[in-house]
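Analysis of the macromolecular model
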Amino acid sequence: MRLDIVSIFPEFFSVLDLSLIGKANADGLLNLHVTNLRDYATDRHRTVDDTPLGGGAGMVMKPDVWGKALDEIFPEATLGDGERHVLIVPTPSGETFTQRIAEDLAGADHLVFACGRYEGIDFRVAQHYAERGVEVRELSIGDYVLNGGEVATVVMIEAIGRLLPGVIGNPDSLVEESHGSAGLLEYPVYTRPVNWRGQEVNPVLLSGDHAAIARLRRDQALEKTLRRRPDMIQALRPDQLDSDDRSLLARLGWCVGENGVRPLEIRELESGDVDRLHALAIRTFPDACPPFLSHEDIQQHLDTVLSPQSIHSWIDNPHVRVIGAFLPQNSAAPEGDHGGEASSDTGDGRTQAEQTAHGEQLVGYALVVGPRADGPIAEKCPKQLSDEHCSWAHLSKVYIDQKWRGSGIAAALIAVSADMASQMGATSLWTATSTANKRAAKSYKRAGMTKKGGRTYTVGTTTCRDVVMQMTLSSASPQ
Ligand code: SAM
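Residues numbered from 1 in each chain as written. Predicted model: local features only at pLDDT ≥ 70, side-chain atom pairs only at ≥ 80, totals over all residues. Heavy atoms only, no water.

Notes on the sheet that holds strand S5 (residues 85–96)
With parallel pairing, five strands are arranged side by side in an open sheet as S2-S1-S6-S5-S7. Two strands in the sheet have a free side with no partner beyond their single neighbour: strand S2 (31–36) and strand S7 (135–140). Taken pair by pair, the neighbouring strands of this sheet meet at an average axis angle of 25 degrees, ignoring direction. Pairing geometry for S5 and S7, over seven bridges, is parallel. Following the sheet pairing, Glu 95 is matched in S7 by Leu 139. (Pairing = 2+ DSSP bridges. Helix = DSSP H or I, 4+ residues; strand = E, 2+ residues; numbered from the N terminus. Axes fitted to C-alpha atoms, helices over the stretch in contact; angles between N-to-C directions.)

Topic: the sheet that holds strand S15 (residues 392–400)
Read from one edge to the other, the open sheet built from seven strands follows the order S12-S13-S14-S15-S16-S18-S17, with strand pairing classed as mixed. Of all the strands in the sheet, the pair left with one neighbour each is strand S12 (265–268) and strand S17 (450–459). Taken over all neighbouring pairs, the strand axes of this sheet differ in orientation by 30 degrees on average, direction set aside. Note: strand S14 (residues 361–369) against S15, six bridges, orientation antiparallel. In the sheet register, Val 369 faces S15, and the bridge partner there is His 394. Helix-sheet contacts for helix H9 (residues 274–288) involve strand S13 (320–327), S14, S15, strand S16 (428–434) and S17, and the interaxial angle to S14 is about 80 degrees. (Contact = heavy atoms within 4.5 Å.)

Quick look at unusual backbone geometry
Here Arg 192 and Pro 193 are connected by a cis peptide whose omega angle stands at 5 degrees. Residue position: Pro 193 is located in the loop between helix H5 (149–161) and strand S8 (195–196). We note that Ser 19 has phi near 55 degrees; this positive angle belongs to a residue other than glycine. Tracing the backbone through its elements, the reader meets Ser 19 in helix H1 (residues 19–26). Judged by its relative accessible area of 63%, Ser 19 is exposed. Backbone geometry places Arg 197, a non-glycine residue, at a positive phi of 50 degrees. (Buried < 20%, exposed > 50% of the residue type's maximum accessible area, 1.4 Å probe, protein only.)

Comments concerning helix H6 (residues 210–228)
An α-helix turns once per 3.6 residues; consequently, residues spaced three or four apart project the same way. Taking 1.5 Å as the rise per residue, H6 with 19 residues should run 27 Å; its terminal C-alpha atoms sit 27 Å apart, in good agreement. Taken as a whole, H6 has its buried residues at Ile 213, Arg 215, Leu 216, Gln 220, Ala 221, Leu 222, Lys 224, Thr 225 and Leu 226. On the buried face of H6, the contacting elements are helix H7 (230–234), helix H8 (243–251) and strand S10 (254–257). Where H6 begins, one side-chain oxygen reaches toward the backbone nitrogen of Ala 211, 3.2 Å away; that side chain belongs to Asp 209. (Expected span 1.5 Å × (residues − 1). Polar contact = N/O pair within 3.5 Å; in protein donor to acceptor, adjacent residues only side chain to side chain.)

Below you can see the structure in the form of structure tokens.
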């Protein structure tokens, strides 16, 4: 690639003789020329600027001097020669220079950087070369003002130059970098010593388990990007995120829809939420049922276990937590169907009652019954678990609207449920799900629960078989 730089400070660019760009230049991968703009001034003082027409502070760089310099770099013959010539005008009022632009410009044959000073270059210069068929890009390296275009030019040459084949020794270094195709910031990096000033690196990095290392780094990259650049998280496409990514994002308060990643709120439900929770509960229960259950059995369950009175009693019970997942209204539903409990597809039939005053939609809920609960809500712990010396909480329900399966919301509700169970003094959490609902069992497994035999459960008048699953809670802090 040929690079031309025009500046009144040609000596500034000796920095490009250093390091990888300097080596690329020496090796002929880059062909760098620096032109002193003053060589094209015609007066004794080699003047390149004049006062602004219309008045105002500062000086403006003269178009006639720039024209002479650039005509030599872009002689008539170069235009239409089939090569890509780009005139880059660094300016704080330009389009923001990004990795995507660097990648695009790395495909050009010839880049010419016009370094402004003072108040900048007379605007007709850029217009003139655009009219002559040169591709002109006015580019800013950030929302601040420098004294001249030289620093911006060095920044751009370094970013573009390192993308050219052969400039970076190991091209793999470019793959997982910040602002790469993954759309994330890079995970934190470490080297030896393993323990430095009391700080130990994550042992997974020393395990040699490549899949576990890749997962750890991916999680760290997602978390870091979310913290520092939520705009980048919102720009991710659903097809860039696997089910582990979705679970992590949902736990961190974001959910994946077909239009990208959207904020999610998970909070405890209150008595004012009963109507919309009832609507969600009766919508989602039938889908989780095994196919042999009759309509009457299901209806009986809805009328009793999932009645508004019953839901009120959950919310009023101090030893029970009812947790809801809310999305902003009009969040488009996700593509795919990868897990979570079950529900029916509501289409647009959502009632007013299901939306909060702020227009949020309740799209999932979980019910956690703490170790000190009693009465009908407190189901007996399955026999195979009750022998273990733990303080058990029961994850009684996790239901997600069908449209939002695969978004990571189920995993987020399970994680929050586990936290709440710990806060209620539980050391273990159990759940049971229909043997027919493989998707739910998979969700619980992904959340860290393991199978512990089965149990029977009655819906209406029919006895169903459930898989029992459990997890040990990491830290129990009594209520
Ligand atoms: N009057 C100009 C304005 O407000 O847009 C600022 C001129 S600045 C003092 C002088 C030169 O520095 C510009 O012509 C440009 O070449 C360079 N420059 C300053 N800030 C820059 C930035 N953020 N990105 C790229 N170039 C910049």
